Amino acid sequence: MHRGPGVLPGGRPGWTGAAAVAAEDSERFGFVTLPQFLRQLPELGVLHDGGNGDERLRWVEPSELDDPTPYLLDGEFLLTAGLPFVGDGGSEEAVDAYVLRLVGARVGALGFGLEPYFEAVPDTVVRACRRHNLTLVSIPGTIPFAALGLEFSRLLESDNAKTFRQLADTNRQLMRAVLSARPEHELLAALVQRVPVWAVLVGADGRVRARGSGGSPGPHSAHSVAGTVPGVDSAALQPLLARLLAGSGPRVEMDSFDAAGSSLVFGYPLRSTRDANLGALVLGTDAPLTPAQNNVVSTAVGLLELLVRQRTSGSLAPSQLATALLLHPESVASGTARQVNGLKDLLAQSLSSTRSGHLRVVQGIRVDAAAGSDRAAGGPRQTGEGPVRELLEWRRLFDTKLVEHTDYGFAAITRLKVDDALLAEVERLGWRLVIGSGTEFSGLAGAYQDASSLRNRVLTSRRSVRADDVTWSVTGLLGSEAGTMLADRLLAPVLALEPERRDTLLGILRAWLGENGSWDATAKATALHRNSVRRQIGVIGELLGLDLNQAQARAELWIALQYIAHQDQGGPELPDAVSPGGAPVAAAVAAASPDTGPPAGQMPQER
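Residues numbered from 1 in each chain as written. Predicted model: local features only at pLDDT ≥ 70, side-chain atom pairs only at ≥ 80, totals over all residues. Heavy atoms only, no water.

### What to know about the pairing of strand E12 (residues 277-285)
- Burial of E12 is extensive: 9 of the 9 residues sit out of reach of the surface.
- Bridge analysis of strand E8 (residues 198-203) against E12 gives 6 bridges, and the strand direction is antiparallel. Bridge assignment links leucine 201 to a residue of E12, and that residue is leucine 281. (Buried < 20%, exposed > 50% of the residue type's maximum accessible area, 1.4 Å probe, protein only. Helix = DSSP H or I, 4+ residues; strand = E, 2+ residues; numbered from the N terminus. Pairing = 2+ DSSP bridges.)

### Section: the pattern of salt bridges
- Taken as a whole and judged by the stated rule, the model has 15 salt bridges.
- Two residues, arginine 530 and aspartate 520, come together in a salt bridge whose shortest N-O distance is 2.8 Å. Taken together, the positions of arginine 530 in helix H19 (residues 530-544) and aspartate 520 in helix H18 (residues 519-526) put the pair 10 residues apart, joining distant regions of the chain.
- Relative accessible area serves as the criterion here: at 31%, arginine 530 is assigned to the partly exposed category. (Salt bridge = Lys/Arg side-chain N within 4 Å of Asp/Glu carboxyl O.)

### Some words on the sheet that holds strand E4 (residues 60-62)
- The strand order across the open sheet formed by 5 strands is E2-E7-E6-E5-E4, and the pairing between neighbours is mixed. A single partner strand is all that each edge strand has here, and the edge strands are strand E2 (45-48) and E4. For this sheet the average axis-to-axis angle between neighbouring strands, irrespective of direction, equals 30 degrees.
- Taken strand by strand, helix H4 (residues 123-132) contacts E2, strand E6 (109-113) and strand E7 (136-139), and its axis lies near 65 degrees from that of E2. (Axes fitted to C-alpha atoms, helices over the stretch in contact; angles between N-to-C directions. Contact = heavy atoms within 4.5 Å.)

### Things to note about the nonpolar core
- If you look at the biggest cluster of nonpolar residues, it comprises 33 residues, and the most contacted ones within it are Leu187, Leu188, Leu191, Leu281, Leu283, Val297 and Leu304.
- Counting residues per element, the ones that place at least two in this core are helix H5 (145-178), helix H6 (183-194), E8, strand E11 (264-271), E12 and helix H8 (291-312).
- At 9 residues, H8 tops the list of elements feeding residues into this core.
- What leucine 191 contacts, discounting residues up to four positions off in sequence, is Leu174, Ala199, Leu281, Leu283, Val296, Val297 and Ala300.
- Core analysis: the next-biggest nonpolar cluster, separate from the first, contains 25 residues, Leu495, Leu513, Leu528 and Val533 among them. (Core = buried A, V, L, I, M, F, W, Y, C linked by side-chain atoms within 4.5 Å.)

### Here's the deal with the sheet that holds strand E17 (residues 465-466)
- Strands sit in the order E14-E15-E13-E16-E17 across an open sheet of 5 strands; the sheet is mixed. A strand with exactly one partner marks an edge of an open sheet, and here the two such strands are strand E14 (403-405) and E17.
- Relative to strand E16 (residues 431-435), strand E13 (residues 360-366) runs antiparallel, the two sharing 5 bridges. The residue of E16 that forms the bridge with arginine 366 is tryptophan 431.
- With respect to the sheet, helix H12 (residues 420-428) is in contact with E16 and E17, its orientation differing from that of E16 by roughly 140 degrees.
- Relative to E13, helix H13 (residues 444-452) is tilted by about 35 degrees, and along the sheet it contacts E13, strand E15 (409-414) and E16.

### Describing the pairing of E11
- E11 sits mainly inside the fold: 8 of its 8 residues count as buried.
- The side-chain alternation of E11 yields two buried faces, one formed by Leu264, Phe266, Tyr268 and Leu270 and the other by Val265, Gly267, Pro269 and Arg271.
- Summarising the sheet, E11 and E12 pair through 8 bridges and their orientation is antiparallel. The residue of E12 that forms the bridge with tyrosine 268 is leucine 281.

### Here we look at the confidence of the model for the protein
- Summarising the model, the protein shows a mean pLDDT of 75, and 69% of its residues fall at 70 or more.
- The low-confidence segment residues 369-379 (pLDDT under 50) makes 16 contacts with residues lying over four places distant or belonging to another chain.
- Residue range residues 566-584 is modelled with pLDDT below 50. Its contacts to residues more than four positions away, or to other chains, number 31 contacts. (pLDDT = per-residue confidence, 0-100.)

Take a look at the structure:
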């Protein structure tokens, strides 16, 4: 059941939104329960215990009205000297109606003064309180009602002082957590230690970044807030998370997950200075929170908001410098151990400290400047909005401050794995990514070089590339699109020949290069005479305008031949043109060159 924004979990789970807010406004921090109060006044006698000992008393209020309920708040200890029960008011029906009205108004207890109207509490009052389960306390005439009020005030003041001391201690603990190496984790641990909740910190991408398990059981999924929550359907948490990340402005979103409303899950958005959502804090509890506990939660929300803002925004200059030093160490002199340690500290401050695992380098290449018109809300703008704004948006998306502008786009150091959802969001904005493999601090410069080697592949294919999916060879790095382009241009004169002649020459060239230029080995592989092989290779060199004695020319031709099979030339694919027996090539040479074929039963001879 959706409770809606603005509802604070400070009251009884079954309360309506208005009642909960009213209770929060009136209670402040401390409270006194009826057992606490009665322990201070042993002269009072409990004639009926309604079993609501954990209920907090809001105030002690004397009233002699026949119906005082319009002037009462929830949880008051109502005092009467018995005037409403004098005369006809003492009948069974009148007393029953009076007590029923008090129960409906959620009065905490009824205190009956024994003087001046009655020497004992009337039996009709005792029976009605038992019937409707309202706590009934007899007050001897020696204790004035004013004394009860003073004693309640003293207890409340003492409890408030204790509460403020506890809040001060809690705030100090929260501040220590913020200054730790893993502030989000430590902050949630401190929160669940002081408040009976489970807590999950969720990023703008909906992924769990930190969690805390306290006095209330919580979700345990490693990847989603929709984890295992006792008594809660995991899918039921998704609408709450969607509201938190889609809305705007400070608010509280709340849901309950059983008919009685006793299991509550509520959340707070974490916002940037521009009110963009940077994530959310989701909490769950099986018990209503006290005002003091709500105060602790509000403090934690504020600190978490500051942390995520600082991580994704912060000062640009230090993080830009750190990114350059980490990715391009050759541009600066060798650093001392102290400088290296300083870089590690800056790295820890600039990356999301809630994520463990390897670092990775991500390079972004803009391939579609017009895609900015269809940009998703909150994504990096394209041209016209300034590099600073774009830089801040990349920081938010990749959860890091280590981002730099480059001539090709941007480079970032992040702990994110860059899943398919994030990749799709970036590609919708007209960008393609080179996503590096995981590495350690010392390997960042090498990881940047590896990613840079894949940029041409992205530019030619207009597709993002993951380094983990790449075969680290020349053909693997070049990619099919660039390789096909190389083959088309380098072998164009041969590819333009008739299919039969073309496939024959390509087969001989592949065999010759595969045998490292050995005439005898090539002749054996193709079933041609070595002089025929030499002649055909000479023809190929003349057609291509290349000196095939040069190693570079041979290497480029060998690489280009790897991509011929991707062409649709109307003939057999290249691997089929060179069989171990060489028959296809020999037959093709004989058919294409009538004067080269030997008489039947003889080996081919050099013409």
